[in-house]
Amino acid sequence: MPVFTVVCGFARYYTNTVEAEADDLDQALQRAIEIAGQDDGWKAIDYTGPVFVDAAGEGADDDPWVDNASALPIPDRFTEFGEPPRVTVTVKDGIVGDVEIDGHPVRVIIKDYTSGGLRSGPGTHHRDDDGALYRLIVWGAEKAEEGGRA
């Protein structure tokens, strides 16, 4: 039976509460990350994430790292982030009939350029950077707009 060398890990979480002056939330979050990154007020919160695989190689005492990557490919289900979400969009005759979302919560943004006779109107159709009209459909666990379903 072959032997493998496997590097396992887990995330250990730390927090640092900082104050950031800003014009809006987006700017405040960016500044808070910068301030916290330079501050020494970090505290462990006694929570560790699940154990995952960082790298693997074949053979006893093998170096499982090659150019900062695993020597052997690690299937998604064993990695820190796990299986990525799968989004299936079903389009029939230019119409989005269904969106199936398996896995973690995701938001799917569909720009439908195929609808004939599009007219711009509030909240219904949009123009892209090239001026082309499209119908915007948003599907996801949190929100559904313009005929989409959550």
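Thresholds applied
Residues numbered from 1 in each chain as written. Predicted model: local features only at pLDDT ≥ 70, side-chain atom pairs only at ≥ 80, totals over all residues. Heavy atoms only, no water. Helix = DSSP H or I, 4+ residues; strand = E, 2+ residues; numbered from the N terminus. Buried < 20%, exposed > 50% of the residue type's maximum accessible area, 1.4 Å probe, protein only. Contact = heavy atoms within 4.5 Å. Areas by Shrake-Rupley, 256 points an atom, 1.4 Å probe, with all protein chains shown as cover. Pairing = 2+ DSSP bridges. Axes fitted to C-alpha atoms, helices over the stretch in contact; angles between N-to-C directions. pLDDT = per-residue confidence, 0-100. Polar contact = N/O pair within 3.5 Å; in protein donor to acceptor, adjacent residues only side chain to side chain. Patch = residues over 30% accessible without salt bridge, like charges linked within 9 Å, V, L, I, M, F, W, Y side chains within 5 Å. Salt bridge = Lys/Arg side-chain N within 4 Å of Asp/Glu carboxyl O. Core = buried A, V, L, I, M, F, W, Y, C linked by side-chain atoms within 4.5 Å.

Novice: When you look at the overall build of the protein in this model, what are you seeing that I'm missing?
Specialist: Counting its regular elements, the protein contains one helix and eleven strands. The linear arrangement of helices and strands in the protein, starting from the amino end, is β-β-α-β-β-β-β-β-β-β-β-β. Going through the 150 residues of the protein one by one, you find that 21% of them count as buried. Sequence-distant contacts, at least 24 apart, represent 45% of the contacts inside the protein between residues at least 6 apart. Total accessible area on the protein is roughly 11300 Å²; 50% of this is exposed by carbon and sulfur atoms.

Novice: Looking at this model, I keep getting lost on unusual backbone geometry. Mind explaining?
Specialist: Backbone geometry at D61 places phi at a positive 60°, although glycine is not the residue there. Tracing the backbone shows D61 in the loop between β4 (52-58) and β5 (65-66). Taking the relative accessible area as the measure of exposure, D61 reaches 80% and is therefore exposed. Within the chain, N68 stands out as a residue other than glycine whose phi angle is a positive 60°. Along the polypeptide, N68 turns up in the loop between β5 and β6 (69-70). Taking the relative accessible area as the measure of exposure, N68 reaches 78% and is therefore exposed.

Novice: Looking at this structure, I do not really get the sheet that holds strand β9 (residues 107-112). What am I missing?
Specialist: Working definition: the strands of a sheet are paired by backbone hydrogen bonds and lie parallel or antiparallel to each other. Sheet architecture is open: three strands sit in the order β9-β11-β10, paired in antiparallel fashion. Either end of the sheet is taken by a strand with one partner, and the two such strands are β9 and β10 (125-127). Between one strand axis and the next, the sheet turns by 40° as a mean value, whatever way the strands run.

Novice: What is the right way to look at the confidence of the model for the protein in this model?
Specialist: In regions of low pLDDT, the predicted coordinates are not meant to be interpreted in detail. Here the protein averages 82 in pLDDT, while 87% of its residues score no lower than 70. Considering only residues more than four positions removed or in separate chains, one finds that residues 143-150, a stretch of pLDDT under 50, has 22 contacts.

Novice: Before we go on, may I ask you to explain the side chain of N16 in this structure?
Specialist: Within the secondary structure, N16 is located in the loop between β2 (12-15) and α1 (25-38). In terms of polar contacts, N16 uses its side chain to reach the side chain of D39, at 3.1 Å. Excluding its chain neighbours within four sequence positions, the residues that come into contact with N16 are A36, D39, G41 and W42.

Novice: I'm lost on a nonpolar patch on the surface in this one. Help?
Specialist: Side chains of V87, V89, V91 and I101 sit close together on the surface and give an oily, nonpolar patch of about 270 Å² of accessible area. Element by element, the count of residues in the nonpolar patch is highest for strand β7 (residues 86-92), at three residues. By secondary structure assignment, the location of V87 is in strand β7.

Novice: Which parts of the structure should I look at to understand the nonpolar core?
Specialist: Note on soluble globular proteins: their nonpolar side chains tend to be buried together. Core analysis: the largest hydrophobic core is formed by seven residues, namely V96, V99, V106, V108, I110, I137 and W139. Secondary structure elements with two or more residues in this core: β8 (95-102), β9 and β11 (133-140).

Novice: Just checking my understanding: could you explain the side chain of T5 for this structure?
Specialist: Along the chain, T5 turns up in strand β1 (residues 4-9). Among the polar contacts made by the side chain of T5, one reaches the main-chain amide nitrogen of D62 at a distance of 3.2 Å. With residues up to four places along the chain from it excluded, the contact list for T5 reads A55, A56, G57, G59, A60, D61, D62 and P64.

Novice: Could you clarify how one ought to interpret the environment of T88 in this entry?
Specialist: In this fold, T88 is placed in strand β7. Considering only alpha carbons, one finds T88 and V108, 20 residues apart in sequence, at a separation of 9.6 Å. Contact partners of T88, with chain neighbours within four places excluded, come to D98, V99 and E100.

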